[in-house]
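Take a look at the letters that make up each chain.
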Amino acid sequence: QHLRMFSSSAPQSSAGGDIVPFNLADIGEGITEVEVLKWYIKEGDNIKAFDPICEVQSDKATVEISSRYDGEVIKIHHEVGAVANVGQPLIDIRREGGGGVTAPRTTPPPSAPQPPPEKPKAPAAEGTPNPKKPEVPVVKTPGDNNKVLATPAVRAIAKSAGVDLTKVPGTGRDGRITKEDMMEFLKDLKFGSLSLDPPTAGFSGDVSGHVNGAAVQPPNPQPAPPAPLGEDKVEPVRGFMRTMIKTMQMQVQVPHFGYSDEYPMDEVLQMRKLLRVEAEKQGVKLTYMPIIIKALSLAMAQHPEVNSKFTEDMQSVRYLGSHNIGIAVDTPTGLVVPNIKGVQNLSIFEVAKELERLSAQAREGKVSKVDLEGGTITLSNVGAIGGTYTSPILMPGEALIGAMGSVAKVPAYNESGEVVPTHLMRMSWSGDHRLLAGAQLARFSNTFKDLLSSPSKMLLNLR
């Protein structure tokens, strides 16, 4: 069983130990390939077992690969950015001591018998004709257009211009007259650079550019190709971008429907201002995002249908007890959506800590598989960049996603009919219409709006 770990044709070395391939192990989750992000070693390095050798990224997480052997790195099989397949070598290592099991040599199969060499043919005697027929030069008979090699299109041009094809030099194969030859001939006639013999039957022309009394127009010059406006750039699809492409292609089959509304944010901003000092004492960076996430969880508890999914056989609906709220994070390598587990059991400060941790790891490409899996609903804060309304795409296995627009200060009427400045956040929802009806999403949105309008009501639902 141990021999199965090595290539059946592992090379041998007389200097120190056997050379074995270190293959990429199966990391589960149905992953068959990874992208090499970084090498911690180079060829010629001496490494020990459990030393990190490289960092790779799958469709779901970034993983650090460690060595299983002590020895010298003989060969690195992949460059940074290349895709490595599970079961294929990452590196070749010359193991120290040579005490390991050496892969058996495979005996090459006996080669098939070779046919006897052909006897060299005797050179032909002088005077013996060569069996290969020599190429016969094409002889153009003056005045006989039928003996000239030319296409029907060229013959039509010659006929309309009254040109004797035997006078046109051909540059094609076997002296064939091409269209370019004909146009060049007519152009020379136009500008008087062609010296002609006395006209033959059927042709009357002069060097002033007239054929049979009609003026010959030179061919229109081809316009120069336009200068390129800029150089194209092609980049391979890598990392989390590949995952997002697969996800979006799958979600095209889900019937989305949208819902949008405006949410007052004055009380949330005031609450953040009051809590920020206390949060700093606990080493927490408090934005309004953790307050929104907690309010979302409380609204989900009152409307469990938004936190549901189909069973695998699509015959039942599972209402999920855990509120694992995914947060879309924009990173240099693409969109990453880790999720905060069990928000229903976390305080606002605990949510803030998790949000800070996941955002930092996402931007560094260090998010674990655990943090990427198991999301039940997703929030996207595209408003941090700009914009008001959008049409978000659902994550696989989720019934609802919300995209927050920017928080803007706008004039609005209060209960007394006075115009007062108000902070509003525009929010866009997309739901799976197989799981949610429009009325259900509207009622959920109203509950969420009520909690944001008066965040003190959240205290009534805290345990």
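Residues numbered from 1 in each chain as written. Predicted model: local features only at pLDDT ≥ 70, side-chain atom pairs only at ≥ 80, totals over all residues. Heavy atoms only, no water.

Undergrad: Could you give an account of the sheet that holds strand S2 (residues 33–39), naming the residues involved and the relevant values?
TA: Judged by pairing direction, the sheet is antiparallel, and its 4 strands sit side by side in the order S5-S4-S2-S7 without closing on themselves. Of all strands in the sheet, those with a lone pairing partner are strand S5 (62–66) and strand S7 (83–85), marking the two edges. Strand-to-strand, the axes of this sheet are offset by a mean angle of 45 degrees, without reference to chain direction. As paired elements, S2 and strand S4 (residues 52–57) share 4 bridges and run antiparallel to each other. Note on S4: the bridge partner recorded for Trp39 is Cys54. (Pairing = 2+ DSSP bridges. Helix = DSSP H or I, 4+ residues; strand = E, 2+ residues; numbered from the N terminus. Axes fitted to C-alpha atoms, helices over the stretch in contact; angles between N-to-C directions.)

Undergrad: Tell me about the packing of aromatic side chains, and please be specific about residues and values.
TA: Overall, the coordinates contain 5 aromatic pairs when judged by the stated rule. Between Trp429 and Phe444, the ring centres sit 5.4 Å apart and the planes meet at 75 degrees, which makes this aromatic pair edge-to-face. Here Trp429 is found in strand S20 (residues 419–432), whereas its partner Phe444 is found in helix H8 (residues 438–453), with 15 residues between them in sequence. Judged by relative accessible area, Trp429 falls into the buried class, the value being 1%. Its relative accessible area of 0% is what places Phe444 among the buried residues. (Phe/Tyr/Trp six-rings, centres within 6.5 Å; stacked < 30°, edge-to-face > 60°. Buried < 20%, exposed > 50% of the residue type's maximum accessible area, 1.4 Å probe, protein only.)

Undergrad: Describe in detail the pairing of strand S1 (residues 19–23), supporting the description with residues and values.
TA: Counted residue by residue, S1 has 5 buried out of 5 residues, so it is predominantly covered. Residues Ile19, Pro21 and Asn23 point to one face of S1 and Val20 and Phe22 to the other, with burial holding for every one of them. The pairing of S1 with strand S8 (residues 89–95) spans 5 bridges and is antiparallel. The residue of S8 that forms the bridge with Val20 is Ile93.

Undergrad: A description of the layout of surface pockets should follow, citing residues and the corresponding values.
TA: There is about 1100 Å³ of room inside the largest pocket. Along the wall of the largest pocket there are 41 residues; nearest its centre are Thr247, Met250, Met395, Pro396 and Gly397. In terms of residue count, helix H3 (residues 239–251) provides more of the lining of the largest pocket than any other element does, 7 residues in total. Grouping the constituent residues of the lining of the largest pocket by class yields 16 nonpolar, 13 polar and 12 charged. Estimated volume of the second largest pocket: approximately 870 Å³. Lining of the second largest pocket is provided by 32 residues; of these, Ile327, Ala328, Val329, Asp330 and Asn381 occupy positions nearest its centre. Put simply, the parts of the chain that give the lining of the second largest pocket at least two residues each are H3, helix H5 (289–302), strand S15 (325–331), helix H6 (348–364), strand S18 (377–380) and strand S19 (400–413). Of the residues assigned to the lining of the second largest pocket, the class counts are 20 nonpolar, 7 polar and 5 charged. (1 Å grid on protein atoms, 1.4 Å probe; cavity = no way out; pocket = protein on both sides within 12 Å on 5 of 7 lines; lining within 4 Å. Points joined across faces, edges and corners; volume = space filled by probe spheres on them. Nonpolar A, V, L, I, M, F, W, Y, C, P; charged D, E, K, R; others polar.)

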